[in-house]
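Reading the structure
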Amino acid sequence: MTTRAAAHRTGLRRTARQGIARDPAHHRQITPLARMVRLNAKPRTVTQVTTIDRIDTLILDIPTIRGHVLSMATMRTQAAVLVRIRFSDGSEGLGEGTTIGGLSYGPESPESIRSAIDTYLAPALIGRAADDVNGGVQLMDHVARGNRIAKTAVEIALWDGLGKRLGVSVAQLFGGAVHTRLPVAWTLASGNSDTDIAEAEQMIATGRHRIFKLKIGKRAVADDVAHVARIKSALGDAASIRVDVNQTWTLTEARRGLPALQDAGCELVEQPVAARYLGAMAELTRSHAIAVMADEALGGPEDALAVAAKGAADVFAVKIAQSGGLKRAAEVVAIGQAAGLGLYGGTMLETGLSTAAALQLFATVERLDWGTELFGPLLLTADILAQPIIYRDFHVEVPTGPGIGATLDPYKIEFYRRDRAPRIAVAGE
Ligand SMILES: O=C(O)C[C@H]1C=CC(=O)O1
Ligand SMILES: [Mn+2]
């Protein structure tokens, strides 16, 4: 329709000279205000859409409280990639992505996470509508394959920003929290049975943890089983004992290992064989009463569907970073629930920042029968949050406050950032 035809349709016609309208039916001039009333139009206001203005990243290196001995690496520091998104209305969102042991755990490293964000994800997102988190998630999946941890770090910052702008928690954005706190496990991985027993006893005595995950797979199966049996008999019924093999066993080793672990009083075995051996995982799940948990096998909802369809686990270790963000992790949860599997809130040993984000999501999940292991901040020598996450009475508390419910301690960020200016030792200091 032409402008003239449109004007006639509304009963209005523009005069060439004055630029004011005449109502042809009544032949009288009408003012712009009357015209608005006539058209039932609202005064034209310029609605400013809040956009993504800037995305900054940095890597923190924070020492662990002791060597964390896993089958693939011993961690003495954790590298966390922090993301800060600045939005056009002045609001901000924070996110974090971590992996474990450099490139030894999975296909992403701290350096690759940072470079994927800086080089590909951030340029694609800059200028987009800030509140369109789902659109941002979909766009990231278009511009980059894999790189789930990098996407997670950015996605958390988008949710955090949206929650802060609306004055609600991220749990609220996911439909509302149904828990205020969740059971939290601790990992015993000092590399020494006596040290592990002393550590566990202290954790139980102080009300911190009574669920313990033991990292095994580095030694011969029989030695690992003896280590687990010693710890279980020292702690007795006061503790739930589980193990994580981190993909190290062959199927033959696992066939021997699982029944022996079960006899030792161990309740669950996490990722005993390589992530891609779903047939082997299915056989182990079928053949033994001890629960089999999938961890590395779960890289998002498609993997979750494959694991569930093949009966390759009794339990899903749901990790926000491994899933590709909170939204994808919620999809993994939904698949696990629909398949009747047990759920566990997993960690990539994040600082308090992404631990807070994970808590926002897990607080919305009806049943986490195996609890959580969201103890990341406790493994580090420094907490980077202004208000650390609270651990008490064998639980971790879900942070309150807008967004993910976490704010950074700027001094800690300056101190632990990898690229900080070298400190100059001054005589007498
Ligand atoms: O589950 C893993 O494989 C990684 C991580 C989680 C807890 C822990 O100690 O290591
Ligand atoms: Mn694991």
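Everything numeric in this text was worked out from a predicted model, so none of it was measured.

Definitions and cut-offs
- Residues numbered from 1 in each chain as written.
- Chains lettered and ligands numbered in written order.
- Predicted model: local features only at pLDDT ≥ 70, side-chain atom pairs only at ≥ 80, totals over all residues.
- Heavy atoms only, no water.
- Helix = DSSP H or I, 4+ residues; strand = E, 2+ residues; numbered from the N terminus.
- Buried < 20%, exposed > 50% of the residue type's maximum accessible area, 1.4 Å probe, protein only.
- Contact = heavy atoms within 4.5 Å.
- Areas by Shrake-Rupley, 256 points an atom, 1.4 Å probe, with all protein chains shown as cover.
- UniProt positions renumbered as here; feature names shortened; annotations may be inferred.
- Polar contact = N/O pair within 3.5 Å; in protein donor to acceptor, adjacent residues only side chain to side chain.
- Near = heavy atom within 4 Å.
- Nonpolar A, V, L, I, M, F, W, Y, C, P; charged D, E, K, R; others polar.
- Domains from an automatic or database assignment.
- Pairing = 2+ DSSP bridges.

**A look at the overall build of the chain**
Counting its regular elements, the chain contains 16 helices and 16 strands. Taken over 429 residues, the chain has a buried fraction of 54%. Sequence separation of 24 or more characterises 70% of the internal contacts of the chain that already satisfy a separation of 6 or more. Accessible surface, the chain: about 19300 Å² in total, of which carbon and sulfur atoms supply 52%.

**Points about the UniProt feature "active site" (unreviewed entry) in the chain**
Sites flagged by UniProt as "active site" (unreviewed entry) map to Lys-215 and Glu-373. Despite a sequence span of 159 residues, these residues sit close together in the fold, their greatest C-alpha distance being 13.2 Å. Examined against the element boundaries, Lys-215 turns out to sit in strand 9 (residues 211–215). Apart from the residues lying within four places of it in its own chain, the contact partners of Lys-215 are Val-69, Leu-70, Thr-187, Leu-188, Ala-189, Asp-244 and Asn-246. A polar contact is formed between the side chain of Lys-215 and the side chain of Asp-244, at a distance of 2.8 Å.

**A word on the site of ligand 1**
Among the 15 residues in the neighbourhood of ligand 1, the closest are listed as His-68, Thr-187, Lys-213, Asp-244 and Asn-246. At a separation of 3.1 Å, an oxygen atom of ligand 1 approaches a polar side-chain atom of Asp-295. Surface burial for ligand 1 is 100%, taken as the share of its 280 Å² of free accessible area covered by protein chains. Grouping the constituent residues of the shell around ligand 1 by class yields 4 nonpolar, 4 polar and 7 charged. Here the shell around ligand 1 gathers at least three residues from each of two domains, domain 2 (52–167) and domain 3 (173–407).

**A few points about the pairing of strand 5 (residues 74–87)**
Pairing analysis gives 13 bridges linking strand 4 (residues 52–69) to strand 5, with the strands arranged antiparallel. Bridging across to strand 5, Arg-54 finds its partner in Arg-86. Between strand 4 and strand 5, which pair antiparallel one after the other, the connecting turn spans 4 residues. By the bridge criterion, 7 bridges tie strand 5 to strand 6 (residues 92–98) in an arrangement that is antiparallel. Within strand 6, the position partnered with Ala-80 by the bridge is Thr-98. As consecutive antiparallel partners, strand 5 and strand 6 are separated by 4 residues, and within that stretch Gly-90 has a phi angle of approximately 95°, a positive value.

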